Amino acid sequence: MAFQMDNGHRSRDQALTMVKNKRYAPPSAGESSETKEATRAPGQGLSQRVERAQQHGDGGRVHANTQYSQQGARGGGRYQDPIPHQPSNDPAKYQAHGCYGRGGPRQRGTPRPYHDGRRSGSGGRGVPTTTSVTLPELHQAPQVHHQVPVVTPSPPETCSSSLHVEVNTGQVQLQFQQLAIPDQSSSIQGMQLAPPSSKSGRFPMRPGKGTSGSRCIVKANHFSAELPDKDLHQYDVSISPDVPSCGVNRAVIGELVTLYRQSHLGGRLPAYDGRKSLYTAGPLPFTTRTFEIVLQDEEDRIGGAQVAQRYAILDIFVTCYSVCSLLIYLPVVRREKHFMVVIKFAARADLHHLAMFLAGKLPDAPQDAIQVLDIVLRELPTARYSPVARSFYSPNLGTRQQLGDGLESWRGFYQSIRPTQMGLSLNIDMSSTAFIEPLPVIDFVAQLLNRNVSIRPLSDADRVKIKKALRGVKVEVTHRGNMRRKYRIFGLTSQATRELTFPIDDHGTMKTVILYFQETYGFNIQHTTLPCLQVGNPQKPNYLPMEVCKIVEGQRYSKRLNDKQITALLKVTCQRPQQRELDILQTVNHNAYHEDPYAQEFGIRIDERLALVEARVLPPPRLKYHDSGREKDVLPRIGQWNMRNKKMVNGGRVNDWICINFSRNVPDSAATSFCRQLAEMCQISGMDFSIDPLFPPLTTRPENVERALRSRYQDAMNALKPLGRQLDLLIVVLPDNNGSLYGNIKRICETDLGLASQCCLTKHVYKRSPQYFANVALKINVKVGGRNTVLVDALSRRIPLVSDRPTIIFGADVSHPHPGEDSSPSIAAVVASQDWPEVTKYAGLVSAQTRRQELIQDLFKVWQDPQRGTVTGGMVKELLISFRRSTGQKPQRIIFYRDGVSEGQFYQVLLYELDAIRKACASLEPNYQPPVTFVVVQKRHHTRLFANNHNDQRSVDGKSGNILPGTVVDSKICHPTEFDFYLCSHAGIQGTSRPAHYHVLWDENKFTADGLQTLTNNLCYTYARCTRSVSVVPPAYYAHLAAFRARFYMEPDTSDGGSVASGVTTSRGPTGARRAAGNVAVKPLPDLKENVKRVMFYC
């Protein structure tokens, strides 16, 4: 049976500190040092184009925008205000990534001194108890008897202490053997997905290097790093009391090195990862040693627990008395924080094994050695700049650009050391990301709302927008001169400032915030109708009027950018190749690795020249069009062609269609003529398309979308059903700014009505560009089941390892929720070719799954049905069945392109998903195991390729200055032994082209380098939505589009903040919510209609 389907405040901010700072500290107390690169993500709107990966960045780095300071709390390294960094040739000076202890200057861009958030009057381990006079500068929410509120420390940064993952080599090798030789005797009921594992085993070796195409030389932004001739030692570091802050840990180790480098550390300058590991170039003179380190709080405390009546008196002293008088009046009591540091020898990082791996003599990279070198080279940039994942940013690295709504872009650079065929290589690239402008909060709010906030009261929607934008932002007060206390915002008051009161004694006597600020500080609050900021501890909230607060500089904006902000960021990051290359070289020169004391200590030398790499330009494939056209085929030139004199190879049929107009700016006559022109273009392009709609266009308002769609669809079906026909297409005219309207239309049409739809913006209704009509016709054709073009080699059965036997090509991707959408699920999408030998039509399925889960959970699944018992299903199984129905043959070969997987997830994804593919095949037919090739597609990397000679037209696109489409690199900058390559398959239009990186994780089909590179490049010319080759192989591109589309299917309460979990959007699976990781229910997406699943609805 073949293919049977289972159907505050210690606000003693102290007068003393203020006077001290005025006298001794340099200006720029709020000074910070100088976004993720905006990339064009295929198929996404503007709001999707900038940095999906911040979520996938290196979790082992401290973000400099997070300040480890709750001033007025216990502890913290003593520091001076930031000063411009002076490169030092003195390796004896340890430059910590955080604050310093006694006497150490705090470098620009590093975290603030540590304070653990506790207040006066409470001691801790090793901390003497002191008392203080409290000078509140803000109003605490009603708490009796002047209790001093606790300021909650900022959330700790995720700082992984190691990039290396411990693995069980034998276990992984056994799992690989099980995948290669599946046990056919096991029952379906006993199927368990392979347990996730991490690194070991072996990916396919490179089957030689490719030879196809014309050879050329390109430059890559990789810089050769000389392997040091040193013994690298790793030491475990234990710091107690434990503090979940990399900045504090660095301050402690920085103080330790400053004090004991010469006397106890043998003169060595260690590199520290911020958590549990310390690395040295050579052994320390001990195997275990304990140090006691004391960090002092720079902020001096004043003695005496006093009440509010003395606050104003102290302010008078600050104003009227000399510094000497004040120092006499207010005794200095420094608070100290004691730490016990245990350093214990752990292991040696074996550079010999690394050298053997780079020479291709060992299968696995010694990650510990690579990690040491990466940490060493990050030490100095982390001290100089604001680190974000593997990038570093500073306002001094380029001109700040306003992005709108209170945001600005900072320039920076990405840095990572990698093992390559040319040895170790340092990958440097330019990047930009969004930071919050250091504005007065009033000005920030005015920009955010795009109006003067004093004109009219805030609406509820305004309050929600302000609260969302300011939550987690750190501000400093401005109403006390140079005494700039810092707080983190967690909310807004529900009342206006003029309505807020608080008790001033035990008898319940109340005072208004306005009167308090007037009497205490002589500050008259102007914006009395605005709410106050809630800062500090949510359990004991404190109120600060907006107008006394300014946003602290250097805070990266991690939430989702709006379309305007992304457009502005794209303009900043869009650089022509020649300019980007120059900036990279200038960055390397500015970083001066030859003067880096850590690089010198560890013997690392960086070549300051771009790597010269041998490349090849693959020829474009010939594309077939219909024989009735004047041109029956075409050979693309520089990655593009057009539809003039050509007809679609298989035109779809649209006999009955309707139009709904949601734009009030488009009259019925304009909508009618627009639709007629579009219909004529579809006819010219080769479709069987009726010129006249079933009904005249219907004009309605966007808020009536659901009712209008359903009623118009029902009217159409009432007219067509007696004739035995179906409605084929809905054309929709949208306002240019349509909010959620587009998503609602797609959700209703694809999950409820089962209707193909094409949306058009108002601006195109009036422009009526022939090129626009031609592109829309391409999209409509594949949505109704047609083909636009196919490869000539596919029709003539000349594609190696595809044309010889029925082959199905899969694409898969997982879309994760944007920052701030904490309760939204991740969306997995899988598409698969449904035609052979053409391999151009792809059916798609989508599924919601546990948020941030990269493994696709519904590739294969087993569940219990009350009537049928054990039932199997999943996306792979259903697409295999669909292929059999479409072609009449079962696939005898599987090629699986998997998008969006980082290197650290390779083994987990392969073991889990290849196992699911195996089980899906076995559930269809005994002993059915077609050979699988599993290829990961990566776009979120920082390798860039530049022409060796920018004036050489043989290797350069003259319009954009980019390398030519088809440029492939499989040497020098690629993996030392494994099967990977970089392919720039598209012609860059703006900016610098980013090649896609393909890494083969499993290959039972035994592809040659030329075979897989040529197949991948040729497929990039079959993308359905335009007449250009695309940057990512289309199956992976389509999966990305489908996952993005499925976000519209979530119910409004789910997509905004509800909880959702795994369920495939087909009728062949469990429909109820199930429990996911963390015991959080994930609601299934609504089912796609059967006729929608069969076509390329996502285009």
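Residues numbered from 1 in each chain as written. Predicted model: local features only at pLDDT ≥ 70, side-chain atom pairs only at ≥ 80, totals over all residues. Heavy atoms only, no water.

Side note on the overall build of the protein
- What the protein contains, in helices and strands, is 25 helices and 45 strands.
- Per-residue burial for the protein yields a buried fraction of 60% across its 1099 residues. (Helix = DSSP H or I, 4+ residues; strand = E, 2+ residues; numbered from the N terminus. Buried < 20%, exposed > 50% of the residue type's maximum accessible area, 1.4 Å probe, protein only.)

Section: the pairing of strand β38 (residues 932–938)
- Most of β38 sits inside the fold, with 7 of its 7 residues counted as buried.
- Every second residue of β38 is oriented toward a common face, with V932, F934, V936 and Q938 on one face and T933, V935 and V937 on the other, all of them buried.
- Bridge analysis of strand β37 (residues 893–899) against β38 gives 6 bridges, and the strand direction is parallel. Across the sheet, I894 pairs through a bridge with V932, a residue of β38.
- Crossover connection from β37 via helix α21 (residues 906–924) to parallel β38: handedness right-handed.
- With 6 bridges joining them, β38 and strand β42 (residues 996–1003) adopt antiparallel strand pairing. Across the sheet, V936 pairs through a bridge with H999, a residue of β42. (Pairing = 2+ DSSP bridges. Right-handed = clockwise from strand over helix to strand, strands pointing away.)

With respect to the pattern of salt bridges
- Throughout the structure, instances matching the rule amount to 44 salt bridges.
- In this structure, the salt-bridge partner of E476 is K486, at a minimum N-O distance of 3.7 Å. Of this pair, E476 sits in strand β14 (residues 474–477) while K486 sits in strand β15 (residues 486–496); the two residues are 10 residues apart in sequence, bridging distant segments of the chain. Accessibility assignment for this pair places E476 and K486 in one class, buried.
- Here R798 ties to D793 by a salt bridge, and the two come within 2.7 Å at their closest N and O atoms. (Salt bridge = Lys/Arg side-chain N within 4 Å of Asp/Glu carboxyl O.)

Thoughts on the confidence of the model for the protein
- Here the protein averages 81 in pLDDT, while 75% of its residues score no lower than 70.
- Segment residues 1053–1068: pLDDT under 50, and 70 contacts once partners within four positions in sequence are set aside and those in other chains are kept.
- Confidence over residues 1074–1079 falls short of pLDDT 50; this stretch has 13 contacts with residues more than four positions distant or in other chains. (pLDDT = per-residue confidence, 0-100. Contact = heavy atoms within 4.5 Å.)

Quick word on the sheet that holds strand β26 (residues 657–661)
- Judged by pairing direction, the sheet is parallel, and its 4 strands sit side by side in the order β28-β26-β29-β30 without closing on themselves. The outermost strands of the open sheet, each flanked by one partner alone, are β28 (698–699) and β30 (757–761).
- Pairing between β26 and strand β29 (residues 729–734): 5 bridges, direction parallel. Paired with C659 across the strands is I731, a residue of β29.
- Packing against the sheet, helix α16 (residues 741–753) makes contact with β29 and β30, and its axis sits at approximately 170° to β30.
- Against the sheet, helix α18 (residues 770–783) makes contact with β29 and β30, and its axis sits at roughly 160° relative to β30, the strand it touches most. (Axes fitted to C-alpha atoms, helices over the stretch in contact; angles between N-to-C directions.)

Examining the packing of helix α15 (residues 705–720) against α16
- Packing of α15 against α16 brings their axes to within 10 Å, and their N-to-C directions diverge by 40°. The handedness of the crossing between α15 and α16 is right-handed. Where α15 approaches α16, its residues V705, E706, L709, R710 and Y713 are matched on the opposing element by L741, N744, I745, R747, I748, D752 and L753.
- By residue class, the composition of the contact of α15 with α16 is 7 nonpolar, 1 polar and 4 charged. (Left-handed = near helix turned anticlockwise from the far one by under 90°. Nonpolar A, V, L, I, M, F, W, Y, C, P; charged D, E, K, R; others polar.)

Here's the deal with unusual backbone geometry
- With an omega of 0°, the peptide bond between S240 and P241 qualifies as cis.
- Structurally, the position occupied by P241 is in the loop between β4 (232–240) and α3 (246–260).
- A cis geometry characterises the amide bond from W836 onward to P837, with omega recorded as 15°.
- Mapped onto the secondary structure, P837 falls in the loop between β33 (826–833) and β34 (842–849).

What to know about the side chain of S923
- Note that S923 resides in helix α21.
- On the basis of relative accessibility, which here comes to 14%, the residue S923 falls in the buried class.
- A polar atom in the side chain of S923 sits 2.7 Å from the backbone oxygen of A920. (Polar contact = N/O pair within 3.5 Å; in protein donor to acceptor, adjacent residues only side chain to side chain.)

Some remarks on helix α23 (residues 1034–1046)
- With 13 residues, α23 should reach 18 Å at 1.5 Å per residue; the first-to-last C-alpha distance of 18 Å fits that figure.
- Most of α23 sits out of view: 13 of its 13 residues are buried. (Expected span 1.5 Å × (residues − 1).)

Some points on the sheet that holds strand β31 (residues 790–791)
- Taken in spatial order, the 3 strands make up an open sheet running β24-β23-β31, and their pairing is antiparallel. Since the sheet does not close on itself, it has two edges, and those belong to β24 (633–634) and β31, each with one partner.
- One ladder, built from 2 bridges, connects strand β23 (residues 623–624) with β31; its direction is antiparallel. The residue of β31 that forms the bridge with L623 is L791.

A look at α16
- With 11 of 13 residues buried, α16 lies mostly within the body of the structure.
- Looking at the buried positions of α16, the neighbouring elements they touch are α15, β29, β30, α18, α23 and α25 (1090–1093).

Details of the state of the cysteines
- What the rule picks out here adds up to 0 disulfides.
- C1020 provides the cysteine sulfur closest to C984, a residue in no disulfide bond, and the two sulfurs are 9.9 Å apart. (Disulfide = S-S within 2.5 Å.)

Topic: the nonpolar core
- Of all hydrophobic cores here, the largest spans 90 residues; its most connected members are W657, F689, Y897, Y998, V1033, Y1038 and Y1098.
- Residues within four places of Y1098 in sequence aside, it is in contact with V831, Y842, G844, R1025, Y1038, L1041, A1042 and R1045.
- In terms of nonpolar packing, the next biggest core, distinct from the first, is built from 57 residues, A281, I417, Y593 and I604 among them. (Core = buried A, V, L, I, M, F, W, Y, C linked by side-chain atoms within 4.5 Å.)

Some thoughts on the environment of C532
- Position of C532 among the secondary structure elements: in strand β18 (residues 531–537).
- Linking C532 and P545, residues 13 residues apart in sequence, is a C-alpha distance of 4.5 Å.
- What C532 contacts, discounting residues up to four positions off in sequence, is G491, L492, T493, Q495, T497, L500, Y543, L544 and P545.

Considerations on the packing of aromatic side chains
- On inspection of all chains with the given rule, the structure shows 28 aromatic pairs.
- Arranged with centres 5.3 Å apart and planes meeting at 40°, the rings of Y260 and F291 form a pair that is tilted. One end of the pair, Y260, is in helix α3; the other, F291, is in strand β7 (residues 288–296), with 31 residues separating them in the sequence.
- Since its relative accessible area comes to 22%, Y260 is described here as partly exposed.
- The class for F291 is buried, based on a relative accessible area of 3%.
- A centroid spacing of 5.5 Å and a plane angle of 45° characterise the contact between Y1038 and Y1098, whose relative ring orientation is tilted. (Phe/Tyr/Trp six-rings, centres within 6.5 Å; stacked < 30°, edge-to-face > 60°.)

Remarks on the environment of I917
- Mapped onto the fold, I917 is located in helix α21.
- The exposure class assigned to I917 is buried, which follows from its relative accessible area of 1%.
- For the pair I917 and P930, spaced 13 residues apart in sequence, the C-alpha separation works out to 9.8 Å.

Re the pairing of β4
- The sheet contact formed by β4 and strand β6 (residues 277–281) spans 5 bridges and is antiparallel. What sits directly across from L232, in β6, is A281.
- Across 9 bridges, the pairing between β4 and strand β8 (residues 336–349) is antiparallel. From the neighbouring strand, L232 faces β8, where its bridge partner is A349.

As for the environment of I504
- With respect to the helices, strands and loops of the structure, I504 is situated in the loop between β16 (501–503) and β17 (510–512).
- With a relative accessible area of 25%, I504 lands in the partly exposed category.

A look at the packing of helix α8 (residues 441–449) against helix α9 (residues 460–470)
- Where α8 meets α9, the closest approach of the two axes is 11 Å, and the angle between their N-to-C directions is 120°. As summarised for this structure, α8 and α9 are arranged oblique, according to the angle between their axes. Remark: the crossing between α8 and α9 carries right-handed chirality. Judged by residue contacts, V441, F444, V445, L448 and L449 of α8 engage D462, K465, I466, A469 and L470 from α9. (Parallel < 35°, antiparallel > 145°, perpendicular 65-115°, else oblique.)

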